[in-house]
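Examining the three-dimensional arrangement
What follows is the residue order along each chain.
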Number of protein chains: 2
Amino acid sequence: MKELLSVLKISVPSKIYIKDPETSELGKKIIKHSILLLQEIGFENFTFKKLGAKIGSNESSIYRYFESKHKLLLYLTSWYWAWLEYQLVIETFSISDKKNKLEKAIEVVTRETKEDSKYSHINEVILYKIIVNESSKSFLTKEVDVENKEGYFEIYKRLVTRLQQIITEAKPDYKYGFSLASTIIEGALHQCYLKEHFPTITDCKDGETPTDFFNDLVLKLLIDGK
Amino acid sequence: MKELLSVLKISVPSKIYIKDPETSELGKKIIKHSILLLQEIGFENFTFKKLGAKIGSNESSIYRYFESKHKLLLYLTSWYWAWLEYQLVIETFSISDKKNKLEKAIEVVTRETKEDSKYSHINEVILYKIIVNESSKSFLTKEVDVENKEGYFEIYKRLVTRLQQIITEAKPDYKYGFSLASTIIEGALHQCYLKEHFPTITDCKDGETPTDFFNDLVLKLLIDGK
DNA sequence: CAAATATAATAGTAATACTATCAATTGAAA
DNA sequence: TTTCAATTGATAGTATTACTATTATATTTG
């Protein structure tokens, strides 16, 4: 299943980059080390100059791939959502029981990435941490509406819509499928963040995971309830 | 009820500022116009120089109140959470029925601020919009653990804990009171953001509000369920 | 082998995020 | 009423950021 991705390529909206980083060694190095450097120093302190130093390359060369660090972040988040969408589709495709399908879907979108699938230069475990810490910054900007029109958030919206469809199939009369789907996806990241930095205001610790929390929630909300 | 606040002062952890902006005219002007300017140009484009120009004051004078724009954002978010906590306490205090109390609590923490209470220089309607757009940036930084130790997020954590208490009182055997409380508070802001910028992935439109969504959710989850 | 392309090196600009110094103003206490 | 302290303003300066532009040097491809 996972091996499929060594053949398939995760595709990111092409307007996000100037030159596709997948098409060259330098491009792949930029992606690989931007993930590592973002994890190390955070988005606010991250610069192309520092990244250049890390990979023994010039700042100006990186600018030929991405016009700003914001675009690079958009690239990484889009890649992550595409990767997650792929897993959601693969892992739920053949499940016919709608309740089981929903349960699996929640598991896929709320679980912490803990294993690097190693088929590429992208370390998914670290990328997941960057998603938890930085992904909100990719859309919480003054340019969001323009960028949305350009299609930068298509993959994310498609992922939410897929989860909404699975929810609605499991419970057709539920009114808030989209809101529930978007809440689960963002909420799981937030719970993961709280666990790390504000453990006093989450129950996701001591063996309890965001998956447990949201599975319990959705089960009670949609399946058990009257 | 609202008039109480013209006597009481909302108090923000004193380590956040260098000089308390409430103690001078310039300080109040800084707060008032930082809210307006943040709304206008967003946190990334906001600078003390621009704020100085707006209020006819010097950049260096503003630095005497806040050591950075990040600290100013922390001030504004803390102020907002304190204000919300105040409302939560006042509006739920005298409700003895636990279900009603929970319902009111959810209403308070999920409703959009639409009215400026006018007892001060702070425009709560615009501040609410800033919270929706920018509040995540106050904690999604590399310095979060240090700042948390300094107590910068105490009010926020206390607010979540208050909601958790009300949840747990209404349903003592529910395991995820903290996670539910933190999810509701962040989730309501997120739904408000989606409504504005990504309406295709939320149901909060056409008269449906985040309050409706979360009330329905909590009711089914905690009250109706088996 | 030539031509095209990619990368590197260097320089330069305007803005940011401050710090430091000193002068002018105000207001409160002696 | 002076005076002393605190506040604010004005100016200057620094290191860094977020780029753009130009030119030189490799490398790849046709």
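Residues numbered from 1 in each chain as written. Chains lettered and ligands numbered in written order. Predicted model: local features only at pLDDT ≥ 70, side-chain atom pairs only at ≥ 80, totals over all residues. Heavy atoms only, no water.

**Some remarks on the overall build of chain A**
A tally of regular secondary structure across chain A gives 10 helices and zero strands. In sequence order, chain A lays out its α and β elements as α-α-α-α-α-α-α-α-α-α. What you see for chain A is a C-alpha radius of gyration of 18 Å, in line with the 17 Å of a compact globule of 226 residues. The principal-axis extent of the C-alpha atoms belonging to chain A is close to 60 × 40 × 35 Å. Here chain A holds 226 residues, and 56% of them are scored as buried. Residue pairs at least 24 apart in sequence account for 68% of intrachain contacts in chain A once pairs closer than 6 positions are excluded. (Helix = DSSP H or I, 4+ residues; strand = E, 2+ residues; numbered from the N terminus. Rg over C-alpha atoms; globule rule 2.2 N^0.38 Å. Buried < 20%, exposed > 50% of the residue type's maximum accessible area, 1.4 Å probe, protein only. Contact = heavy atoms within 4.5 Å.)

**Some remarks on the confidence of the model for chain A**
Across chain A, the average pLDDT comes to 93, with 96% of residues at 70 or higher. Summarising per-element confidence for chain A, the mean pLDDT is lowest in helix α10 (residues 210-224) of chain A (93) and highest in helix α9 (residues 177-197) of chain A (98). (pLDDT = per-residue confidence, 0-100.)

**Structural notes on the pattern of salt bridges**
All names here are of chain A. All chains considered together, the criterion is met by 30 salt bridges over all chains. Across the pair K71 and E67 runs a salt bridge whose closest N-O atoms are separated by 3.4 Å. Among the residues examined, K71 registers a relative accessible area of 9% and is labelled buried. By relative accessible area, E67 is classed as exposed at 52%. Where salt bridges share partners, they join E91, K104, E107 and R111 into one cluster. (Salt bridge = Lys/Arg side-chain N within 4 Å of Asp/Glu carboxyl O.)

**Description of the packing of α9 of chain A against helix α9 (residues 177-197) of chain B**
One can describe the packing of α9 of chain A onto α9 of chain B by two numbers: an axis separation of 9 Å at closest approach and a directional angle of 125°. One element, α9 of chain A, and the other, α9 of chain B, form an angle in the oblique class. As for how α9 of chain A packs across α9 of chain B, the hand of that crossing is right-handed. In contact with S179, S182, T183, E186, H190, Q191 and L194 of chain A of α9 of chain A, α9 of chain B contributes S179, S182, T183, E186, H190, Q191 and L194 of chain B. Of the residues in the contact of α9 of chain A with α9 of chain B, the class split is two nonpolar, 10 polar and two charged. (Axes fitted to C-alpha atoms, helices over the stretch in contact; angles between N-to-C directions. Parallel < 35°, antiparallel > 145°, perpendicular 65-115°, else oblique. Left-handed = near helix turned anticlockwise from the far one by under 90°. Nonpolar A, V, L, I, M, F, W, Y, C, P; charged D, E, K, R; others polar.)

**Notes on the environment of Y17 of chain B**
In this fold, Y17 of chain B is placed in the segment before α1 (25-41). Excluding residues that lie within four positions of it along the chain, Y17 of chain B makes contacts with V12, Y65, F66 and Y75 of chain B.

**Quick look at the interface of chain B and chain A**
Taken residue by residue, the interface counts 56 residues in chain B and 56 residues in chain A. Carbon and sulfur atoms supply 61% of the area buried between chain B and chain A, which totals about 4600 Å² over both sides. On inspection of chain B and its partner chain A, the count reaches two salt bridges. Across the chain B-chain A interface, the total number found is 30 residue pairs in polar contact (both at pLDDT 80 or more). (Buried area = accessible area lost by both parts, 1.4 Å probe. Polar contact = N/O pair within 3.5 Å; in protein donor to acceptor, adjacent residues only side chain to side chain.)

**As for the protein's contact with DNA strand D**
Around DNA strand D, the structure places 19 residues, and the nearest of them are Y63 of chain A together with S57, S61, R64 and Y65 of chain B. When the atoms of DNA strand D within 4 Å of the protein are grouped by moiety, sugar and phosphate amount to 53% of the total. Within the side chain of K19 of chain B, an N or O atom sits 3.2 Å from a phosphate oxygen of DNA strand D. Within the side chain of S57 of chain B, a nitrogen or oxygen atom sits 2.4 Å from a phosphate oxygen of DNA strand D. When contributions to the surface near DNA strand D are tallied by element, the ones reaching two or more residues are α3 (59-62) of chain A together with α3 (59-63) of chain B. (Near = heavy atom within 4 Å.)

**Thoughts on the environment of F139 of chain A**
Tracing the backbone shows F139 of chain A in the loop between α6 (124-134) and α7 (144-149). Between the C-alpha atom of F139 of chain A and that of F153 of chain A, which follows or precedes it by 14 residues, the distance is 8.4 Å. With residues up to four places along the chain from it excluded, the contact list for F139 of chain A reads V144, F153 and E186 of chain A together with H190, Y193 and F198 of chain B.

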